Amino acid sequence: MDFKFTEDEEKFRREVRQWLEQEIPQRWIELDPGIWEETEESWALAREFQRKLGRKGWLAPSCPKEYGGLELSHMKRLILAEELAYSRAPLSIEVEVTVNWVTPSIVLFGTEEQKKNYVGSVAKGDIIFCLGYSEPNAGSDLASLQTRGVEVGEEYVINGQKTWCSYGHLADYCWLAARTDPDAPRHEGISIFIVDMKTPGITVRPLINVLNRHSFNEVFFDDVHIPKENLVGQKNKGWYQLVIALDFERSSIGYAAANQRTIEELIKYAKETTRNGEPLAKDPLVRNDLAQLVVENEVARMMAYRIAWMFSKGLHPSYESSMSMVFISEVMRRTANAGMRILGHYGELDRDSKWAVMNARIMRMCLSSLSIGVGGGSNEIQRNIIAIRGLGLPRK
Amino acid sequence: MDLGLSEEQEMLRKSARDFLQKECPKRLVRQLDESDEGYSAELWHKMAGLGWMGLAFPEEYGGSGRNFLDLVILLEEMGYNIVPGPFFSTVVLGGLSVLAGGSEEQKSEFLPKIASGEIILSVALTEPTAGYDAASIKTKAIARNGKYVIKGTKLFVFDAHVADYILCVARTKQAKNPEEGITLFLVNAKSPGVKCTLLKTLARDKQCEVVFDDVTVSANSIVGRRDAGWPIVKNVLRRATVAKCAEMVGGAQAVLDMAVSYAKERVQFGRPIGSFQAIQHYCANMATDVSGSRFITYKAAWKVSENLPADLDVAIAKAWSSEAYGRVTLSAHQILGAIGFTMDHDMHLYYRRAKAAAIVFGDADFQCATVARELGL
């Protein structure tokens, strides 16, 4: 047992931290877009930053060097993810989806040409994928998806509707799950495709999230013709590929690191703010709230470390990732709640008010944290995974 | 970074689990819980024979020279199986105090006897205020003719009724800072004026009221330096708190295992109740609690073992594990339903202990207060 990072890992952390201090644009810090709050301006900044990250090799840390990756150790990837999130670096959810799900899937299941074409571009920061998984009638029950992919000559023709496609209006490609054999049992007729979002027949319609921002979309596929070589892996084996991809690198360390930053800001606020002539930090309820958050976030951080450690040992966490995910999502909601209790009325104010505190982070978090614990597999589904895969409880 | 156990630790864990399953069945646990002594001399000597008592003592004092982390692994297994008796008092509280503060002579005299299972120790720290802070120490030791006379009442003292020696934390000087002026005395339990009364408790663990009624002890019985005993107490409390977390992790794992296997076997509405999502989600939450407690405890134990500043991590581990073990036992009772509400079922043995473990060395609120202080609030 050893909870220390090696000297080399600590050096890497310092290098990342120093680089981020220098490279995060001032304008981004002013805009301070939280999760699900990107605007066109912030998106443009993020894309530019992504290319810089790409030049460092940090956009494809896990990928083989021959495709432009770095083949970083699992511990260094953990450190990188932790520092990126803690520093609130210009990244969106879709960068994480692209880096953590799509590229490793292409490396694992893709053809040589796909690896060369897409992995290299991701590594350079040139392209972004959106996920084409959910449909109006296929959410938690993803395997019931109905979007069709029909093989016609040298092409597949896609018809159907996807929804909750985060940044579908800005992404270059869609990582699409479609039904290619409607007669097969439902898990055995799904395939994965790479679809260029500029292909004729694709219509993207905005959905406005609770932060009043355009972050996700409905995407309609109306006779969209895509070349056959855009099938990833085996036809009709998409479900299995997709399930394996769900287990990639879901340590949730980014959430724990981002939340730690917020908790530290709350602590600072409590130290610097007086109420009725007394520092907030002397209020026993405030002290207890803050201590509780620190305790919970530390537990979350250890759960995330555990995932990275398991990977480093050649083990394959599955339900452990679900634990980490469920846990941090609930810690984040409790952080928003406790933050509101500590800030009181001030917690309600949006950033345009001169009275706003902590850049309105807590009120924004109250809204944004609703999505964590739903997206990427709801907490109920995650708990099913823990119970069935982790504890061996029966399905029926 | 390595969150796993070494090969040696895995072996220790496995041999402990096998040994306890065989030698400490629940039938024995119940029998000891119901008895006044609360321990089995036979089991005690077998454990000593395996080297458990001296596990974390240096070889020169009859120990195995393993480290604190190894002791933590052993305690996790003892928590898993439940082992009634004065192991925690003797080894963790008493033994580590002597190791931390004792003179060469004291270490040479007492540690080998602890390691061989020859003597039982108890630590008399808390008093009727039931607090773990230095200000709560009111019991006085007054110097008289080169000796000391101890007077005061200690409460919630584990295993004093069977102890050969009681390490008494007493005040030898009134100072502005309550942490100054505290001295530790290793008192022969048979000394005139020592009176132990067993308390009847929820966990049926053996806690005592110990009255020191003008107990005369020699200056040789001081462990550490006069008036400077509190740092030893703090050092040992830090270790004991993590050690208790380890027991809780083991206990919580046992409760989870018990509940999951019941959920797989118990059939209602024509299917195992473990196939219902309500039950599955209870189990998922329990597993998450157990796992969270384990790694946060290991982290604190590692810091303590490495002699790194650990007060924050220890408080975090205890704050979390106390509540987590409580939740796990409550959920298990819910899953077990009526059968869990019987004396026949083992579940209540854990539930009772979870309650006691949550309180000892400071409950979650107490630990959160420490966390807040450590954060500079």
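Please read all numbers here as calculations on a predicted model, not as lab measurements. (Residues numbered from 1 in each chain as written. Chains lettered and ligands numbered in written order. Predicted model: local features only at pLDDT ≥ 70, side-chain atom pairs only at ≥ 80, totals over all residues.)

## With respect to the overall build of chain B
- Summing up its helical and strand segments, chain B has eleven helices and ten strands in all.
- Against the 2.2 N^0.38 benchmark of 21 Å for 377 residues, chain B shows a C-alpha radius of gyration of 21 Å, consistent with a compact globule.
- Out of the 377 residues belonging to chain B, those deemed buried represent 53%.
- Of all intrachain contacts in chain B linking residues separated by at least 6 positions in sequence, the fraction that spans at least 24 positions is 74%. (Helix = DSSP H or I, 4+ residues; strand = E, 2+ residues; numbered from the N terminus. Rg over C-alpha atoms; globule rule 2.2 N^0.38 Å. Buried ≥ 20, exposed ≤ 12 C-beta atoms within 10 Å, placed from the backbone. Contact = placed C-beta atoms within 7 Å.)

## Things to note about the overall build of chain A
- What chain A contains, in helices and strands, is twelve helices and ten strands.
- Its C-alpha atoms give chain A a radius of gyration of 22 Å, within 12% of the compact-globule value 21 Å for 396 residues.
- Taking the principal axes of the C-alpha coordinates as reference, chain A spans close to 75 × 50 × 45 Å.
- For chain A, buried positions account for 50% of its 396 residues.
- Contacts spanning at least 24 positions in sequence make up 70% of the contacts within chain A whose residues lie at least 6 apart.

## Some points on the domain arrangement of chain B
Residues and elements named next belong to chain B.
- On domain assignment, one finds that chain B holds domain 1 (7-119), domain 2 (123-228) and domain 3 (231-374).
- Here domain 1 and domain 3 have C-alpha centroids that lie 21 Å from each other.
- Counting from both sides, the interface comprises 21 residues of domain 1 and, opposite them, 22 residues of domain 3.
- Contributions of two or more residues to the side of domain 1 that touches domain 3 are made by α2 (26-34), α4 (68-81) and α5 (87-101).
- With ten residues, the single largest contributor to the side of domain 1 that touches domain 3 is α4. (Domains from an automatic or database assignment.)

## Remarks on the environment of Lys190(B)
- Along the chain, Lys190(B) turns up in the loop between β5 (182-188) and β6 (194-198).
- In the structure, Lys190(B) is positioned 162 residues away from Leu28(B) in sequence and 28 Å away in space, judged by C-alpha atoms.

## Thoughts on the interface of chain A and chain B
- Listed as interface residues are 38 residues of chain A and, on the opposing side, 37 residues of chain B.
- Mapped onto the side of chain A that touches chain B, the elements with two or more residues apiece are α8 (253-272), α9 (284-312), α10 (319-343) and α12 (379-390) of chain A.
- No other element matches the 14 residues that α9(A) contributes to the side of chain A that touches chain B.
- Across the side of chain A that touches chain B, the residue classes tally to 24 nonpolar, four polar and ten charged. (Nonpolar A, V, L, I, M, F, W, Y, C, P; charged D, E, K, R; others polar.)

## Details of the packing of α8(A) against α10(A)
Residues and elements named next belong to chain A.
- At a minimum axis separation of 11 Å, α8 and α10 run at an interaxial angle of 15°. Between α8 and α10, the angle falls in the class roughly parallel. The handedness of the crossing between α8 and α10 is left-handed. Contacts between α8 and α10 involve Tyr255, Ala256, Asn259, Thr262, Ile263, Leu266 and Ala270 on the former and, on the latter, Ile328, Val331, Met332, Thr335, Gly339 and Ile342.
- Grouping the constituent residues of the contact of α8 with α10 by class yields nine nonpolar, four polar and no charged. (Axes fitted to C-alpha atoms, helices over the stretch in contact; angles between N-to-C directions. Parallel < 35°, antiparallel > 145°, perpendicular 65-115°, else oblique. Left-handed = near helix turned anticlockwise from the far one by under 90°.)

## Points about the pairing of strand β2 (residues 148-152) of chain A
All names here are of chain A.
- In this sheet, strand β3 (residues 155-166) lies alongside β2 in antiparallel orientation, the contact comprising five bridges. Across the sheet, Arg148 pairs through a bridge with Asn159, a residue of β3.
- A loop of two residues connects β2 with β3, the two strands running antiparallel in sequence, and Gly153 in this loop sits at a positive phi of about 60°. (Pairing = 2+ DSSP bridges.)

## With respect to the nonpolar core
Residues and elements named next belong to chain B.
- Residues Phe185, Ala259 and Cys283 are the most contacted members of the largest nonpolar core, which totals 247 residues.
- Looking at which element gives the most residues to this core, the answer is helix α7 (residues 230-265), with 19 residues.
- Not counting chain neighbours up to four residues away, the residues in contact with Ala259 comprise Cys283, Met286, Ser331, Ala332, Ile335 and Leu336. (Core = buried A, V, L, I, M, F, W, Y, C linked by C-beta atoms within 7 Å.)

## Considerations on the environment of Ala324(B)
Residues and elements named next belong to chain B.
- Position of Ala324 relative to the elements: it lies in helix α9 (residues 311-336).
- By the C-beta count within 10 Å, which is 28 here, Ala324 ends up buried.
- Spatially, the C-alpha atoms of Ala324 and Lys140 are 38 Å apart, while their sequence positions differ by 184 residues.
- Ignoring sequence-local partners within four residues, the contact set of Ala324 consists of Ala252, Asp289, Gly292 and Ser293.

## Quick word on the environment of Ser103(B)
- Mapped onto the elements of the fold, Ser103(B) is located in the loop between α5 and α6 (104-115).
- It is 9.5 Å that separates the C-alpha atoms of Ser103(B) and Asn220(B), two residues lying 117 residues apart in sequence.

## Overview of the domain arrangement of chain A
Residues and elements named next belong to chain A.
- Partitioning chain A into domains gives domain 1 (7-126), domain 2 (131-240) and domain 3 (250-390).
- Each of domain 1 and domain 2 was reduced to a C-alpha centroid, and the two centroids are 25 Å apart.
- Each partner contributes to the interface: domain 1 provides 16 residues, whereas domain 2 provides 14 residues.
- Breaking the side of domain 1 that touches domain 2 down by element, the ones donating at least two residues are α5 (93-109) and α6 (112-124).
- A total of seven residues in the side of domain 1 that touches domain 2 trace back to one element, the largest contributor, which is α5.
- Residue composition of the side of domain 1 that touches domain 2, grouped by class: eight nonpolar, four polar and four charged.

## Re α10(A)
Residues and elements named next belong to chain A.
- Relative to the 36 Å expected for 25 residues at 1.5 Å per residue, α10 spans 36 Å between its end C-alpha atoms, a close match to the ideal helical length.
- Within α10, 19 of the 25 residues are buried, which leaves it mostly tucked inside the rest of the structure.
- Looking one or two places after α10, you find Gly344, whose phi comes out positive at around 60°. (Expected span 1.5 Å × (residues − 1).)

## Considering unusual backbone geometry
- With a phi angle near 55°, Tyr167(A) is a residue other than glycine that sits in the positive phi range.
- Along the chain, Tyr167(A) falls in the loop between β3 and β4 (173-179).
- Overall, Tyr167(A) belongs to the buried group, with 23 C-beta atoms counted inside 10 Å.
- In this structure, Phe156(B) is a non-glycine residue whose phi angle is positive, near 60°.

## Regarding the packing of α9(A) against helix α8 (residues 277-305) of chain B
- Across the interface, α9(A) lies against α8(B) with an axial gap of 9 Å and an inter-helix angle of 90°. As far as their axial angle goes, α8(B) and α9(A) are roughly perpendicular. On the side of α9(A), the interface is formed by Glu298(A), Val299(A), Met302(A), Met303(A) and Arg306(A), while α8(B) contributes Ser291(B), Gly292(B), Phe295(B), Ile296(B) and Lys299(B).
- Among the residues making up the contact of α9(A) with α8(B), the classes are represented as five nonpolar, two polar and three charged.

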